[in-house]
Amino acid sequence: MDLSAYSHVYGVPPVDLVGDIAGLAQLSPFSPGAQALDEAAPQSIDGLVMLAPPGAIERRYALALALNALKPGAPLLALAPKDKGGSRLAQDLTGLGCAFEESARRHHRICLTQGPGDPAALAAAIAEGAPRLDETLGLWTQPGVFSWNRIDPGSALLIANMPPLAGRGADLGCGLGVLSHAALASPKVKSLLMIDLDRRALECAKRNVADARAAFMWGDGRKVPKTLETNALDFVVMNPPFHESGHENRTLGQSFIQSAAAMLRTGGVLWLTANRHLPYESILKPLFKRATLIKEAGGFKIYQAQK
Ligand SMILES: C[S@@+](CC[C@H](N)C(=O)[O-])C[C@H]1O[C@@H](n2cnc3c(N)ncnc32)[C@H](O)[C@@H]1O
């Protein structure tokens, strides 16, 4: 596909559908360092290719932000797998007041529009998808972020079984910050590095964990950050992700465990919660002196592993 009319991309659309996006500026919240679509100036973007997000509210939010950010008449090419929001794209764009052309290829729906969209509909979609304080949860959150409108039961189980922690720690894949918040309840915790790949989650976490001991990193939990010497930490807490681009990926959690093992000092402790079906024992055993199943309940298991 000829991408010469496009300057920006959101997400990583399949190369066989849109071509090579390497020359386009990335706007995805999952791309550390990328510009945020919600901070793009109105009518500033020449053309945008978007792998539209799967969640209905976050998809309409992203489409509406994109339509606001595009120059008048600039193209928005939005696509998604049919079963991950693609079959709703046409309805979404109609609801936002856009004319568009729709096509289908390789299990994706592909919509091309030049906006401009109905200002009231765009404003409503942006308001619906924006970060907000959820009074019931007592947390800042945003549709599209992991477990955005409920506390994950695996995380709740870990919090209920975790003793007071101490020293320097990290929360890999911190999300909204619920595990960090629990860890920081212990006055013996000196510092906590919170890492997440999702900028939106991290921005909420900054508001949820207003604690001078916390530091925040928009980054990949599979890598040990350069700012952190290896074998430095006393503890790591995590509820590792096991989905990538909408598909189950068990190696993600395994890589998180490898990162934790590299970050921990000898004797340091990993506290881990996981869905029961995930095969983490085989990776814990060779990396840690001992790995103990502390609790199994409600389809989740809690491990304490000591390096
Ligand atoms: C299962 S959720 C746990 C969130 C939070 N710790 C909690 O307990 O509610 C996993 C988190 O990992 C993040 N994540 C996914 N892939 C990641 C990666 N490669 N590096 C860092 N974080 C990642 C997701 O954005 C999500 O917030």
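About the thresholds
Residues numbered from 1 in each chain as written. Predicted model: local features only at pLDDT ≥ 70, side-chain atom pairs only at ≥ 80, totals over all residues. Pairing = 2+ DSSP bridges. Helix = DSSP H or I, 4+ residues; strand = E, 2+ residues; numbered from the N terminus. Axes fitted to C-alpha atoms, helices over the stretch in contact; angles between N-to-C directions. Contact = placed C-beta atoms within 7 Å. Near = placed C-beta within 6 Å. Nonpolar A, V, L, I, M, F, W, Y, C, P; charged D, E, K, R; others polar. Parallel < 35°, antiparallel > 145°, perpendicular 65-115°, else oblique. Left-handed = near helix turned anticlockwise from the far one by under 90°. Buried ≥ 20, exposed ≤ 12 C-beta atoms within 10 Å, placed from the backbone. Domains from an automatic or database assignment. Expected span 1.5 Å × (residues − 1).

Taken together, the 7 strands give an open sheet; going across it, the order is 11-10-9-12-15-17-16, and neighbouring strands pair in mixed fashion. Both edges of this open sheet fall to strand 11 (214–218) and strand 16 (290–297), since each of them pairs with a single strand only. With direction set aside, neighbouring strand axes in the sheet form an average angle of 15 degrees. Strand direction decides the pairing type here: strand 9 (residues 167–172) and strand 12 (residues 233–238), joined by 4 bridges, are parallel. Residue G169 lies in a different strand from strand 12, and its bridge partner there is F235. Packed on one face of the sheet, helix 7 (residues 199–208) meets strand 10 (189–196) and strand 11 and runs near 165 degrees to strand 11.

Neighbouring the ligand are 20 residues; S155, G173, G175, G221 and P241 lie closest to it. Those elements that place two or more of their residues in the shell around the ligand are helix 6 (178–183) and strand 10. Residue composition of the shell around the ligand, grouped by class: 9 nonpolar, 6 polar and 5 charged.

Quick look at the sheet that holds strand 6 (residues 108–116) now. Ordered by their spatial adjacency, 6 strands build an open sheet running 2-1-3-4-6-5, and the pairing between neighbours is mixed. Strands at the two margins of the open sheet, each flanked by one partner only, are strand 2 (25–26) and strand 5 (98–105).

It is worth spelling out the packing of helix 2 (residues 56–69) against helix 4 (residues 119–129) at this point. In the contact formed by helix 2 and helix 4, the axes pass within 8 Å of each other and the chain directions differ by 130 degrees. Comparing the axis directions of helix 2 and helix 4 gives the class oblique. In this structure, helix 2 meets helix 4 at a crossing whose hand is left-handed. Residue-level inspection shows I57, E58, R60, Y61, A64, L65, L67 and N68 of helix 2 in contact with helix 4, the latter providing L122, A125, I126, E128 and G129.

Turning next to the pairing of strand 3 (residues 48–51). Along strand 3, one buried face is formed by L48 and M50 and the opposite face, lined by V49 and L51, is buried too. Across 3 bridges, the pairing between strand 1 (residues 8–10) and strand 3 is parallel. In the sheet register, V9 faces strand 3, and the bridge partner there is V49. Two strands pair when backbone bridges link them, and strand 3 and strand 4 (residues 76–81) are joined in this way by 4 bridges, in the parallel orientation. Counterpart to M50 in the pairing with strand 4 is A78.

Here we take up the domain arrangement of the chain. Structurally, the chain comprises domain 1 (8–129) and domain 2 (132–306). Using C-alpha coordinates to define each centre, domain 1 is positioned 31 Å away from domain 2. On the side of domain 2, 9 residues touch domain 1, which itself brings 12 residues to the contact. With 3 residues, helix 2 is the largest single contributor of residues to the side of domain 1 that touches domain 2. A breakdown of the residues in the side of domain 1 that touches domain 2 according to their chemical character gives 8 nonpolar, 2 polar and 2 charged.

Further remarks concern helix 8 (residues 250–263). Relative to the 20 Å expected for 14 residues at 1.5 Å per residue, helix 8 spans 21 Å between its end C-alpha atoms, a close match to the ideal helical length. For helix 8, every residue scored as buried is listed here: G253, Q254, F256, I257, S259, A260, A261 and M263. The inward-facing, buried residues of helix 8 contact strand 9, strand 12, strand 15 (264–275) and helix 9 (281–287).

A few words on unusual backbone geometry. Cis geometry is adopted by the peptide bond preceding P116, which originates at G115 and carries an omega value of -5 degrees. Take P116: it is sitting in strand 6. With a phi close to 45 degrees, R106 is a non-glycine residue in the positive phi region. As for its placement among the helices and strands, R106 is situated in the loop between strand 5 and strand 6. In this structure R106 comes out as exposed when scored by C-beta crowding, with 11 C-beta atoms within 10 Å. Even without glycine at this site, S147 takes up a positive phi of about 45 degrees.

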